[in-house]
Amino acid sequence: MHRSREWRAGLLATVAVMASAGAAFAQTAGDTVDEVVVTAQKREERLQDVPLSVAVVSSETLQAFNLNETTDIQHLVPGVTLISAAGPRNFGFFVRGIGTSSFSSESIEGSTAYVLDGVVLGQSGSALSDLPDVERVEVLRGPQGTLFGKNASAGVISVTTERPSAAFTARLSASWADPQDERRITGVVSGPLGDKARFLLSARANQRDGYVRNVFDGRKLNDREDGGVRAKLELTPVEKLDVTFIADYWKRDAKCCIWTLYKTGPNPSLAPERQSIAAGIVPGPNNLSQNINGRLFSKTESYGASVQANYELAAGHTLTSITAYRRFIDHDGLDSDSSPLNLLDANFADFKQAQVTQELRITSPQGGFVDYVAGAFYFDGDVTSHSVQVFPSVPLPFFSKLVTNRASTTNLAIFGQANFNLSDDLRLIAGARAIHEEAKARKDRRDPVLGLTSTASASKTDDALLWRLGAQYDFTGDIMGFATVTRGYKGGGYDTNIGIPTLPDVQPEEPTNFELGLRTTWPEQRLILNLTAFHTKIDGYQAGARDPGPPPITRVFNGEGKTKGFEFDLMWRPVAGLNWTLIGSGAYVDARWGDFANAPCFPGQTVAQGCVGAQQDLTDARLPFSPKWSGNVGSHFETQVAGDLTGSFDLGLNFRTKAAIAFPNDPNTIQGGYTLVNAAVGLASADNHWKVSVFAKNLTDERYSLVYFSTPFGTAPGAYSQFIPYEAQRVVGASIDLAF
């Protein structure tokens with residue numbers, strides 16, 4: 001019966017998406033579909049010509065539903081999930097079920113690279129910002145070691161922001177939404193500065209009240225207050241040379257991020273559940289109340305500058321240099337005991353990261369026997385964190401502690417990828433990346449109560465060779481197929497968790513991915529359909545497991561992962577002459593542990609449940625944070641109304657089936673499937689100088705969580721908490737857009 005329901009869910013997902021389409025294509029008013037140009041292979045190419053699984057989210061899709069945060073990507077691209085709980089330090093994307101989320105982020109990187117205007121970010125938390133002036137977001141699924149290399153063992157999320165315009169333009173957008181009094185305002189000004197220079201300046205501010213009620217003192221927790229600016233200057237000082245300067249700054253100051261009780265243990269009369277239940281809190285999936293007495297804050301800054309120069313050499317070759325410096329600063333703290341008792345009121349951290357990157361590459365012209373991209377890459381990153389954790393009622397060594405972690409990573413690489421054009425229709429693909437990486441870490445701990453100290457330090461170097469091989473064939477001018485095998489890599493590091501005195505070694509993560517793809521265009525039917533099948537094995541998969549303690553810590557383990565499935569993107573204009581576009585995409589992902597006989601047990605796991613010597617065998621069990629089916633369905637319709645006015649209607653649907661949302665595997669942490677519905681209705685002037693819209697996100701008021709975990713100080717086994725995001729409720733609002 002269970003399997004029957006699963007098959008029906010999968011069939012429904014397939015039918016729904018095949019009647020819709022992928023967000024990877026532009027919408028036009030005519031009878032054709034304008035295909036998107038992407039830079040997934042570090043050169044501008046038609047999406048239909050790229051032998052990779054790439055999903056593209058356009059600025060129009062983001063604007064239609066008033067989506068402007070990085071976290072919204074998971075609701076637009078199937079196969080992508082994320083962890084965003086307890087602050088930005090453990091933020092992480094999962095692609096095809098593969099990802100890393102850990103508080104040891106001083107030394108352990110995420111598995112999905114986040115690239116902003118060609119610059120890779122060394123900390124996943126620095127991606128946790130908004131998307132105010134984005135041209136497009138490209139999600140490259142699967143390991144991307146050859147051309148991107150740095151922490152791209154699961155995939156790449158590449159954000160491209162708007163270029164300065166040749167003519168003067170100005171835009172202003174403002175919106176308001178309920179129920180948390182959400183206010184957003186964004187302004188963009190762009191234009192020429194003479195014949196050889198163009199500029200763009202954008203600024204934005206976002207605010208909303210908290211959605212978690214603290215019954216202890218009435219505070220509204222998990223609010224949002226952030227803003228930022230971005231400036232671009234494009235210069236063409238001489239013929240064949242263009243230079244782009246980019247500087248950006250973003251800051252968030254919020255009372256964030258707290259969880260709520262999901263389930264109580266067998267004896268909830270014990271602390272801390274007793275105080276919450278006595279205060280009227282009802283644990284469960286709809287619980288948006290907490291009962292703490294301590295501080296809760298998250299202050300984050302992310303800023304940087306880059307210079308990109310492109311020079312056209314002889315015979316059509318282009319030399320590109322990207323030099324960048326970035327900083328990520330996070331100051332966060334929370335009352336971690338889920339009660340008004342002072343069991344762990346002080347759990348604070350100051351986290352600072354700085355990085356310098358340099359990429360130099362040469363891109364050949366296309367059309368000859370060989371075309372290629374080749375270059376060199378340098379990354380130098382340093383992280384320093386100062387943590388304070390106080391357990392006033394536990395007089396044991398290092399339960400109260402002051403910890404300083406310092407970590408550094410240097411990554412040097414040379415890379416290249418070439419197409420060998422054996423004929424007009426057949427191409428062979430070959431690429432490689434040679435990496436030398438050095439990692440260092442030092443941990444200094446002090447117990448201010450008992451006067452104890454401990455120190456640990458470690459360093460290592462690693463060399464790796466990544467590669468990609470494949471073939472690409474044009475069956476017709478509208479149908480292309482490809483087959484590739486790729487070896488990826490993510491460097492190792494050290495588990496810097498403050499709860500342990502040593503620096504356990506974490507081995508590198510090495511995926512091998514096989515991929516088959518078909519890219520098809522049907523001009524007469526106004527239809528585009530893309531299909532991709534994949535099979536990936538990950539040696540040394542870096543996974544974080546939460547130990548409920550006390551003290552509660554998250555440790556990093558190397559396991560083995562494997563994931564297989566298929567993805568499809570479809571775009572269709574069903575009626576000629578009618579401005580109606582169906583868009584969407586879907587994914588089937590079967591992600592499992594490989595050989596992982598020594599996995600940690602979940603809290604309260606018994607010998608009868610498979611826990612022997614504090615270990616369980618997870619071999620061939622499903623990976624967490626990976627629904628088997630997920631999809632995104634959308635419809636965009638425009639028509640003239642009332643003379644010269646244009647009306648628009650957008651409908652979006654995102655669905656996913658059940659998945660475990662905790663590690664290690666625990667049958668109590670499986671969340672049922674859910675569907676999110678977004679809608680927007682707009683009215684605009686014929687010249688697009690203004691537009692007013694009303695929108696609704698999560699129209700059916702679907703409640704869901706991003707993660708489950710054992711409640712700190714809960715009455716185990718059976719005490720669980722959850723992190724419910726702001727988007728897990730109905731949000732209704734209005735917006736106005738002005739263009740000059």
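Here's a quick rundown of the structure.

Conventions adopted
Think of each chain on its own: its residues are numbered from 1, step by step along the sequence as written. Selection of residues for local features in this predicted model requires a pLDDT of at least 70, selection of side-chain atom pairs for listing and counting requires 80 or more, and totals for whole chains, interfaces and linings are taken over all residues. As a convention, hydrogens and water are excluded, and side-chain values are obtained from all of the structure's heavy atoms. For the purposes of this entry, the term helix denotes a DSSP run of H or I that reaches at least four residues, the term strand denotes a run of E that reaches at least two, and both are numbered from the N terminus. Three exposure classes are used, based on accessible area relative to the maximum for each residue type with a 1.4 Å probe and protein chains only: buried under 20%, partly exposed in between, and exposed over 50%. Strand pairing is defined by DSSP finding a minimum of two bridges between the two strands. Note on geometry: axes are C-alpha line fits, over the in-contact stretch for helices, and angles between N-to-C directions span 0 to 180 degrees.

## Some thoughts on unusual backbone geometry
Now for step 1: Look at the link from C256 to C257: it is a cis peptide, with omega at 15°.
Now for step 2: By the secondary structure assignment, C257 is in the loop between β16 (241–254) and β17 (260–263).
Now for step 3: Between F663 and the following residue, P664, the backbone shows a cis peptide bond with an omega angle of 5°.
Now for step 4: Here P664 shows up in the loop between β37 (659–660) and β38 (670–671).
Now for step 5: Phi is positive for S338, which is not a glycine, with a value near 55°.
Now for step 6: Position of S338 among the secondary structure elements: in the loop between β20 (318–334) and β21 (346–363).
Now for step 7: Positive phi is not limited to glycine here, since F398 has a value of about 60°.
Now for step 8: On the basis of relative accessibility, which here comes to 14%, the residue F398 falls in the buried class.

## Digging into the pairing of strand β3 (residues 53–58)
Now for step 1: In terms of burial, β3 is a largely internal element, six of the six residues being buried.
Now for step 2: Alternating positions in β3 separate into two faces, S53, A55 and V57 on one and V54, V56 and S58 on the other, with burial throughout.
Now for step 3: Direction of pairing for β3 relative to strand β8 (residues 134–141): antiparallel, over a ladder of six bridges. Within the sheet, the bridge partner assigned to A55 lies in β8 and is V139.

## Some remarks on the sheet that holds strand β41 (residues 707–710)
Now for step 1: Reading across the sheet, the three strands line up as β17-β42-β41 and stay open at both edges, with antiparallel pairing between neighbours. The open sheet is flanked by β17 and β41, the only strands paired with a single partner. For this sheet, the mean inter-axis angle between neighbouring strands, taken without regard to orientation, is 40°.
Now for step 2: Relative to strand β42 (residues 720–723), β41 runs antiparallel, the two sharing four bridges. Bridge pairing links F709 to S721 in β42.

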